[in-house]
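Read off the chains here:
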Amino acid sequence: MDNRQAIGSWLSGPRAAAEAQGVDFGYRGERLGLPEEGPGSVARPGRRIGAIAIDWGLCLLIAYGLLARNPQAMGNWALGLLFVMSLLTVGTVGSTPGKRLLGLRVVSEEGGRLGPVRVLVRSALLCIGIPALIWDRDGRGLHDRLARAVQVRI
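Since the structure is predicted, the reported quantities are computational estimates derived from the model, not experimental observations. (Residues numbered from 1 in each chain as written. Predicted model: local features only at pLDDT ≥ 70, side-chain atom pairs only at ≥ 80, totals over all residues. Heavy atoms only, no water.)

A. Quick look at helix α6 (residues 116-128). Between the first and last C-alpha of α6 there are 19 Å, a value that for 13 residues agrees with the 18 Å anticipated at 1.5 Å per step. Of the positions making up α6, those classed as buried are R118, V119, R122, S123, L125, L126 and C127. One or two residues past the end of α6 sits G129, with phi positive at roughly 95°. (Helix = DSSP H or I, 4+ residues; strand = E, 2+ residues; numbered from the N terminus. Expected span 1.5 Å × (residues − 1). Buried < 20%, exposed > 50% of the residue type's maximum accessible area, 1.4 Å probe, protein only.)

Next comes the structure, spelled out in structure tokens:
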């Protein structure tokens with residue numbers, strides 16, 4: 001193996017190096033029994049990041065317009081609003097306004113609606129932030145994995 005191949009596999013990560021050696025990881029959501037593409041497939045990271053950005057912007061707008069008396073408190077109010085919005089909307093209709101705009105929905109691993117405890121766990125972990133940045137092989141954030149949820153395309 002020449003040095004360029006070794007550096008390339010190091011920069012690409014362990015998954016790319018394993019795939020180069022013939023390991024088949026399958027597609028995202030295969031282990032969950034979801035289709036590879038189309039409605040019901042695991043949502044791609046770009047859509048999920050876009051949805052949380054829309055939700056965060058909406059919460060900032062509400063906090064700025066209605067609740068915050070000073071700019072320093074606006075972020076705290078927005079985070080509280082994000083938590084409440086996630087609890088109410090994911091718990092009832094399965095998606096936040098941002099997810100709905102981008103065609104996403106949160107469902108349980110079994111395919112149904114999330115129960116109240118799972119929505120509470122998911123929302124609390126999402127507001128911490130770090131679990132949402134750690135993804136598994138299926139592209140689910142740690143907050144979704146711990147709540148046994150998956151974000152799918154509508």
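B. Structural view of unusual backbone geometry. With a phi close to 55°, R148 is a non-glycine residue in the positive phi region. Its place among the elements puts R148 in the loop between α8 (142-146) and β2 (149-153).

C. Representation of a nonpolar patch on the surface. A grouping of I128, I130, L133 and I134 is seen on the molecular surface, where their side chains present a nonpolar patch of about 450 Å² in accessible area. Along the chain, I130 falls in helix α7 (residues 130-133). Residue I130 is classed as exposed on the basis of its relative accessible area of 56%. (Patch = residues over 30% accessible without salt bridge, like charges linked within 9 Å, V, L, I, M, F, W, Y side chains within 5 Å. Areas by Shrake-Rupley, 256 points an atom, 1.4 Å probe, with all protein chains shown as cover. Salt bridge = Lys/Arg side-chain N within 4 Å of Asp/Glu carboxyl O.)

D. Region of the structure containing the environment of L82. Within the secondary structure, L82 sits in helix α4 (residues 71-92). Looking at L82, the relative accessible area reads 7%, which means it is buried. In this structure the C-alpha to C-alpha distance between L82 and C59, which are 23 residues apart in sequence, comes to 6.1 Å. Other than its neighbours up to four places away in sequence, L82 contacts I52, D55, W56, C59 and C127. (Contact = heavy atoms within 4.5 Å.)

E. Molecular detail of the pairing of strand β1 (residues 104-108). Among the five residues in β1, four count as buried, and that is most of the element. With five bridges joining them, β1 and β2 adopt antiparallel strand pairing. Bridging from a neighbouring strand, S108 pairs with A149 of β2. (Pairing = 2+ DSSP bridges.)

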